[in-house]
Protein chains: 2
Amino acid sequence: MATRFIFLSFCLLFSSTLTISNAKIFPTFPSSRITPEKLSSLISNSKDSQGLYKTKYHTQILDHFNYNPQSYQTFQQRYLINDTHWGGSKNNAPIFVYTGNEGDIEWFAQNTGFMYDVAPKFKALLVFIEHRYYGKSIPYGGNKEIAYKNASTTGYLSSTQALADYASLIIDLKKNLTATDSPVVVFGVLAAWFRLKYPHVAIGALASSAPILNFDNIVSPYSFSNIITQDFRSVSENCYKVIKGSWKQIEETAKKPGGLEKLQKAFRICKSEKNLAIESWLSTAFVYTAMTDYPTPSNFLNPLPAFPVKEMCKAIDDPKTGNDVFAKLYGAASVYYNYSGTAKCFDLNGDSDPHGLSEWGWQACTEMIMLTGGDNKDSIFEESEEDYDARARYCKEAYGVDPRPNWITTEFGGHKIGLVLKRFASNIIFFNGLRDPWSGGGVLKNISKTVLALVEKEGAHHVDLRFSTKEDPQWLKDVRRREVEIVGKWISQYFQDLAQ
Amino acid sequence: MATRFIFLSFCLLFSSTLTISNAKIFPTFPSSRITPEKLSSLISNSKDSQGLYKTKYHTQILDHFNYNPQSYQTFQQRYLINDTHWGGSKNNAPIFVYTGNEGDIEWFAQNTGFMYDVAPKFKALLVFIEHRYYGKSIPYGGNKEIAYKNASTTGYLSSTQALADYASLIIDLKKNLTATDSPVVVFGVLAAWFRLKYPHVAIGALASSAPILNFDNIVSPYSFSNIITQDFRSVSENCYKVIKGSWKQIEETAKKPGGLEKLQKAFRICKSEKNLAIESWLSTAFVYTAMTDYPTPSNFLNPLPAFPVKEMCKAIDDPKTGNDVFAKLYGAASVYYNYSGTAKCFDLNGDSDPHGLSEWGWQACTEMIMLTGGDNKDSIFEESEEDYDARARYCKEAYGVDPRPNWITTEFGGHKIGLVLKRFASNIIFFNGLRDPWSGGGVLKNISKTVLALVEKEGAHHVDLRFSTKEDPQWLKDVRRREVEIVGKWISQYFQDLAQ
């Protein structure tokens, strides 16, 4: 099997899978990729966006850290706002800000119901800010063709610029609302970094599923696939073995005369193609299902049942399919790709979008060098080594950029994080669910009395931040109750300090 | 009198005085400006640079926060290193880093003897890193003509880029020395900001005379000149009155037929000029003498006696000069400009350097918007209001840039700093001497048990960091002893944490 690279976004949005085969590098796009059309249908299907927020725009500066003429260019940054429960500036009522991950902010707002659920209790204003270069927050007058054209125009897409955007926008918004003394709490994957860099803007951060240690070899490159392996193996040893054994079988089949046709038929692929990327199509399904292995039905990337890994393994373990491995895999993939049962066949490249690369792919080629591509001998995927050099060559070819693999730890730290933050920083919650493959790069131990790790064995990616439902298990209710308690303490303490 | 603007550097290096008269804006250069020639003579006159440090260069990236092709350009950043007393990497012996202010790093090393004095006690490696765009750390292959040519090439001169330079260099240096576990303590004006942004790189910061509250109207624009006023007034009420009354007299004299000649003669100005900038020449002397009102003889900007403000007032109060105000002022100015007694006449524009503007002047026109130009009715200078709009117009004209007056507080905070840092951050000493006009923008109260303000009534700018001398007064010895104690505690605690 070819070396497997998956450029996964923190938030499971926009991934681009890069397969290296016979020293040839070609990126492929898992069909789970969200296109604008699909996104808009997801949004309109889940909650009424009209009721959830009002859309606003903020004139943002292109480059906060330089003073060249081009740095003064501005763009319209989108943010969503909901003041239904806000206690108002006169009461210094809190402001809860979602510091947008790398994707469309509407989608995150729809999937961060926790903030809506707790707003009445805190009388909080809700603000969701979109990350630059995503969604509708596109520089160059919103023109994606220019913004993603080349490194000269995409170069301003970086995490430090995004954090500075959030700081500028929040300060400006508070000024406009005459709410300069309202405490701000930030939420999301980028929240911890924001609190660390802008403690004067946010009094605390709930960083959910933030893999801030997945850089610079702080954690093992095998951790990501080890967790996926464990997710499936814990449900069924047979399920794990079938998947693990399937890669060679797919590869061998593809090589045989008539093999591609056989695969096409077995997996109901609509179109015949020369390079049938079945392996990447399947591994995408396993990776994302592990990440979103929620205890209740969900509709984040795709509609999924509760405990979807269990459902996948049920399909694989189904005695009806006997020894037909492809039928078993097809059944498993259908849980992820076709739970609604409406698809008649699958279009492997149907959702591909040349601009995808210029979004998360760009970040994965510049600073977000998260080495999660290693598979040890027990991996559910085929054994392989992380190949940084291959990634670097690919990035040069695709974007004309050299990655800066040490930048994130230079700017944000990560090495010996306990030692550093024990004596510095406060008011951060790191939530991680251990079924989430990203949890391998998460902060899993309390660092101090105010830099806390909430770790939930049964949790998946971002699960704490989702809307509560009647079916939520007790552990999930407990996590959220604890988060509310802690955020409440930060706010009380702030008001005590303010009154002094 | 024209509205007075002085773009003063934190470190009293490179200032450019901007006078606005009849809506015409023309920058002038106080003759105290340090030219490369003068600097090299100052350095060679004070200590033997051969014994103090070895000079090294680090290949630094031009732009840390973007990924445009031009951001990947590199330049040679100079740093000075002294390992005489270093305990070595095997012992994780400490590294003391001077995060260079905006000026030639050799000069700072020469004037930061404190680090040399305490190195043996701590077995510390000493490193002095030069600020980008100053001294020999010039982008574009060291070519100042290109680097200072226009906003496109000078645009990368910003405080955030400089701090990222220090982080990158320190991490790289530690790696090369296999000293990744050696604790780093930072010193200098930029040290506090560095500790706040890079707590994973420096375990603590001694920020000497850092006016981090001189932004965004956090402190009064009158504070700067109020302190100068008080410095002179506390020595002699008559001295203050003579200076205060002189501005009108100079102005009126200049307007009269033959007046310029009279002034030229009174102040021994070498060349006759149309715009004789006597006022700015004199105020520069008063400002810088107040800043460097050290209790021992010094040779920082110019050779000066101990307590130079007292010496100036002695000249002004001298009964021999009777009622001759110009003779009195000439005597005072001579303390600053001609203490060695070698100058026969003064060349007001002799030291001017077109590149000066492109160094600190550039920063004062982009982000270092320190509004210190107000003079209330009691000011030793003529009453005037800070005029931000005039500065902005000047900056646009001189550099083609619009200042970003809120950027520093957006990036580094400052408003309600006690409230913020009380619950965040640790291991920072803010030293301020109250005779230093910059102390008005300093942190003057303890914020927490580990964010401490050391305030010394008799102290001037950076006095704690100077080489100790036999004549040092007890208060200065006490300040330094306290600093050593506190830094020692940080290091002990770090080693305790490391051992756990």
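Cut-offs and rules
- Residues numbered from 1 in each chain as written.
- Chains lettered and ligands numbered in written order.
- Predicted model: local features only at pLDDT ≥ 70, side-chain atom pairs only at ≥ 80, totals over all residues.
- Heavy atoms only, no water.
- Helix = DSSP H or I, 4+ residues; strand = E, 2+ residues; numbered from the N terminus.
- Buried < 20%, exposed > 50% of the residue type's maximum accessible area, 1.4 Å probe, protein only.
- Contact = heavy atoms within 4.5 Å.
- Areas by Shrake-Rupley, 256 points an atom, 1.4 Å probe, with all protein chains shown as cover.
- Salt bridge = Lys/Arg side-chain N within 4 Å of Asp/Glu carboxyl O.
- Buried area = accessible area lost by both parts, 1.4 Å probe.
- Lys, Arg positive; Asp, Glu negative; His and termini not counted.
- Expected span 1.5 Å × (residues − 1).
- Least-squares fit on C-alpha atoms with pLDDT ≥ 70 in both.
- 1 Å grid on protein atoms, 1.4 Å probe; cavity = no way out; pocket = protein on both sides within 12 Å on 5 of 7 lines; lining within 4 Å.
- Points joined across faces, edges and corners; volume = space filled by probe spheres on them.
- Nonpolar A, V, L, I, M, F, W, Y, C, P; charged D, E, K, R; others polar.
- Axes fitted to C-alpha atoms, helices over the stretch in contact; angles between N-to-C directions.
- Parallel < 35°, antiparallel > 145°, perpendicular 65-115°, else oblique.
- Pairing = 2+ DSSP bridges.
- Disulfide = S-S within 2.5 Å.
- Core = buried A, V, L, I, M, F, W, Y, C linked by side-chain atoms within 4.5 Å.
- Arc of directions from axis to C-beta.

An unreviewed UniProt entry lists chain A under the name Alpha/beta-Hydrolases superfamily protein, with Citrus sinensis as the source organism.

Novice: Now, about the overall build of chain A: what can you tell me, with residues and values included?
Specialist: Of the regular secondary structure elements, chain A holds 19 helices and 13 strands. Put simply, chain A has 500 residues, and 64% of those count as buried. For chain A, the share of sequence-separated contacts (at least 6 apart) that also reach a separation of at least 24 residues comes to 71%. For chain A, the exposed area adds up to about 18200 Å²; of that, 50% sits on carbon and sulfur atoms.

Novice: Which residues make up the pattern of salt bridges, and what values go with them?
Specialist: Two side chains of opposite charge can pair, provided their charged atoms sit close to one another. All names here are of chain A. All told, the structure shown has 34 salt bridges over all chains when counted by the stated rule. Where Asp293 meets Arg435, a salt bridge forms, and the shortest distance between an N and an O atom there is 2.7 Å. Here Asp293, found in the loop between α12 (278–291) and β10 (298–299), pairs with Arg435, found in the loop between β12 (428–433) and β13 (451–456); they are 142 residues apart in sequence, far enough to count as distant. Both residues of the pair, Asp293 and Arg435, belong to the buried class. For the salt bridge of Arg480 with Asp472, the shortest nitrogen-to-oxygen distance reads 2.9 Å.

Novice: How would you explain the interface of chain B and chain A if you had to name every residue and give the values?
Specialist: With 57 residues of chain B at the contact, the number on the chain A side is 57 residues. Taking both sides of the interface into account, the surface hidden between chain B and chain A amounts to around 4700 Å²; carbon and sulfur atoms contribute 51%. Its largest share of buried area at the contact with chain A, chain B owes to B:Tyr67, B:Arg404 and B:Phe424, together 19% of the area lost on that side. Taken together, chain B and chain A are joined by 6 salt bridges. For B:Arg423, the salt bridge goes to A:Asp497, with nearest N and O atoms at 2.7 Å.

Novice: Just give me the short version of the side chain of B:Asp231, but keep the residues and values in it.
Specialist: Residues and elements named next belong to chain B. Of note, Asp231 is situated in helix α9 (residues 223–235). Buried and unpaired, Asp231 has no salt bridge, with Arg435 as the nearest side chain of opposite charge at 4.3 Å. Beyond its immediate sequence surroundings of up to four residues, Asp231 is in contact with Ala290, Val309, Leu434 and Arg435.

Novice: Break down helix α10 (residues 237–255) of chain A for me, with residues and values.
Specialist: Residues and elements named next belong to chain A. Taking 1.5 Å of rise per residue, 19 residues should cover 27 Å, and α10 covers 29 Å from first to last C-alpha, within 8% of that figure. When α10 is considered as a whole, its buried residues turn out to be Cys239, Tyr240, Val242, Ile243, Ser246, Trp247, Ile250 and Thr253. Elements that come into contact with the buried residues of α10 comprise α9 (223–235), α11 (259–266), α12, α13 (308–317) and α14 (325–337).

Novice: I'd like a description of the environment of A:Val184, backed by residues and values.
Specialist: Residues and elements named next belong to chain A. Among the secondary structure elements, Val184 is positioned in strand β8 (residues 184–187). Val184 sits in the buried class, given a relative accessible area of 1%. Note: C-alpha distance between Val184 and Thr229 (45 residues apart in sequence) is 39 Å. Non-local contacts of Val184, meaning those with residues more than four positions away in its chain, are made with Ile95, Val97, Ile170, Lys174, Val201, Ala202, Ile203 and Gly204.

Novice: Describe the relation of the copies chain B and chain A, listing the residues and the values that go with them.
Specialist: After a rotation of 180° and a shift along the axis of 0.0 Å, chain B superposes on chain A with an RMSD of 0.0 Å. The two molecules are tied by a two-fold rotation axis, judged by turn and shift. When the interface residues of chain B are mapped onto chain A, 100% of them again lie at the interface, so the same face is used by both copies.

Novice: Break down empty space enclosed by the protein for me, citing the residues and quoting the values.
Specialist: Scanning the entire structure with this criterion turns up 12 cavities of 30 Å³ or more. In this structure, the largest cavity spans a volume of roughly 130 Å³. Together, 15 residues line the largest cavity, and A:Lys197, A:Glu411, B:Phe65, B:Lys197 and B:Glu411 are the ones closest to its centre. Counting residues per element, the ones that place at least two in the lining of the largest cavity are α7 (159–176) and α17 (407–412) of chain A together with α7 (159–176) and α17 (407–412) of chain B. Here the lining of the largest cavity gets 3 residues from one element, more than from any other, and that element is α7(B). By residue class, the composition of the lining of the largest cavity is 9 nonpolar, 2 polar and 4 charged.

Novice: Describe the packing of helix α12 (residues 278–291) of chain B against helix α13 (residues 308–317) of chain B, with residues and values.
Specialist: For any two helices packed against each other, one specifies the crossing angle of their axes together with the interaxial distance. All names here are of chain B. Relative orientation of the contacting elements α12 and α13 amounts to 140°, with a least axis distance of 8 Å. Regarding the angle of α12 to α13, the classification is oblique. Contact with α12, carried on its side by Ala285, Phe286, Thr289 and Ala290, involves Pro308, Val309 and Met312 of α13 and no other residues of that element.

Novice: Quick rundown of the layout of surface pockets? Include the residues and the values.
Specialist: The volume enclosed by the largest pocket comes to roughly 1000 Å³. Lining the largest pocket are 41 residues; nearest its centre among them are A:Thr409, A:Thr410, A:His415, B:Ile171 and B:Val201. Elements represented by at least two residues in the lining of the largest pocket include exactly α17 and α18 (417–422) of chain A together with β4 (54–61), α7 and α19 (474–499) of chain B. If you tally residues by element for the lining of the largest pocket, the top one is α7(B), at 6 residues. Counted by class, the lining of the largest pocket contains 14 nonpolar, 17 polar and 10 charged residues.

Novice: Outline the environment of B:Phe431, listing residues and values.
Specialist: Along the chain, B:Phe431 falls in strand β12 (residues 428–433). The spacing of B:Phe431 and B:Ile129 is 302 residues in sequence and 21 Å in space, taken between C-alpha atoms.

Novice: With reference to specific residues and values, describe the pairing of β12(A).
Specialist: All names here are of chain A. Most of β12 sits inside the fold, with 6 of its 6 residues counted as buried. Across the two faces of β12 the burial is the same, with Ile428, Phe430 and Asn432 and Ile429, Phe431 and Gly433 all buried. The pairing of strand β9 (residues 204–208) with β12 spans 4 bridges and is parallel. Along β12, the bridge assignment pairs Leu206 with Ile429. The pairing of β12 with β13 spans 6 bridges and is classified as parallel. Considered in β13, the bridge of Ile429 is made with Leu452.

Novice: Can you break down the state of the cysteines residue by residue, with the values?
Specialist: Residues and elements named next belong to chain B. This model, assessed by the stated rule, comprises 6 disulfides over all chains. The disulfide bridge from Cys365 ends at Cys395, spanning 2.0 Å between sulfur atoms. Its S-S torsion of about -75° marks the bond between Cys365 and Cys395 as left-handed, since a negative value means left-handed. Taken together, the residues span a long stretch of sequence, with Cys365 in helix α15 (residues 357–366) and Cys395 in helix α16 (residues 388–399) at a distance of 30 residues. An identical accessibility class is assigned to Cys365 and Cys395; each is buried. Disulfide connectivity for chain A, with bonded cysteines indexed by sequence position, reads 1-3, 2-4, 5-6.

Novice: Describe the nonpolar core, naming the residues involved and giving the relevant values.
Specialist: If you look at the biggest cluster of nonpolar residues, it comprises 312 residues, and the most contacted ones within it are A:Phe96, A:Phe232, A:Phe267, B:Phe96, B:Phe232 and B:Phe267. Once residues within four sequence positions are removed from consideration, A:Phe232 is found in contact with A:Cys239, A:Ile243, A:Phe286, A:Ala290, A:Val309, A:Met312, A:Cys313 and A:Ile380.

Novice: How would you explain the sheet that holds strand β13 (residues 451–456) of chain B if you had to name every residue and give the values?
Specialist: Residues and elements named next belong to chain B. The mixed open sheet is built from 8 strands, whose spatial order is β4-β5-β7-β6-β8-β9-β12-β13. The open sheet has two edge strands with one neighbour each: β4 and β13. The mean angle between the axes of side-by-side strands here comes to 20°, regardless of whether they run parallel or antiparallel. Pairing of strand β6 (residues 95–99) with strand β8 (residues 184–187), which is carried by 4 bridges, proceeds in the parallel orientation. Each residue of the ladder has a partner; that of Ile95, found in β8, is Val184. Contacting β6, β8, β9 (204–208), β12 and β13, α19 runs over the sheet at an angle of about 170° to β12.

Novice: Residue-level account of α13(B), with values.
Specialist: In an α-helix, one turn spans 3.6 residues, which is why side chains three or four residues apart end up on the same side. Residue and element names in this part refer to chain B. Restricting attention to buried positions, one finds in α13 the residues Pro308, Val309, Met312, Cys313, Ala315 and Ile316. For α13, the angular spread of the buried residues around the axis is 155°, confining them to a single face. Buried-residue contacts for α13 involve α9, α10 (237–255), α12, β11 (303–304) and α14 (325–337).

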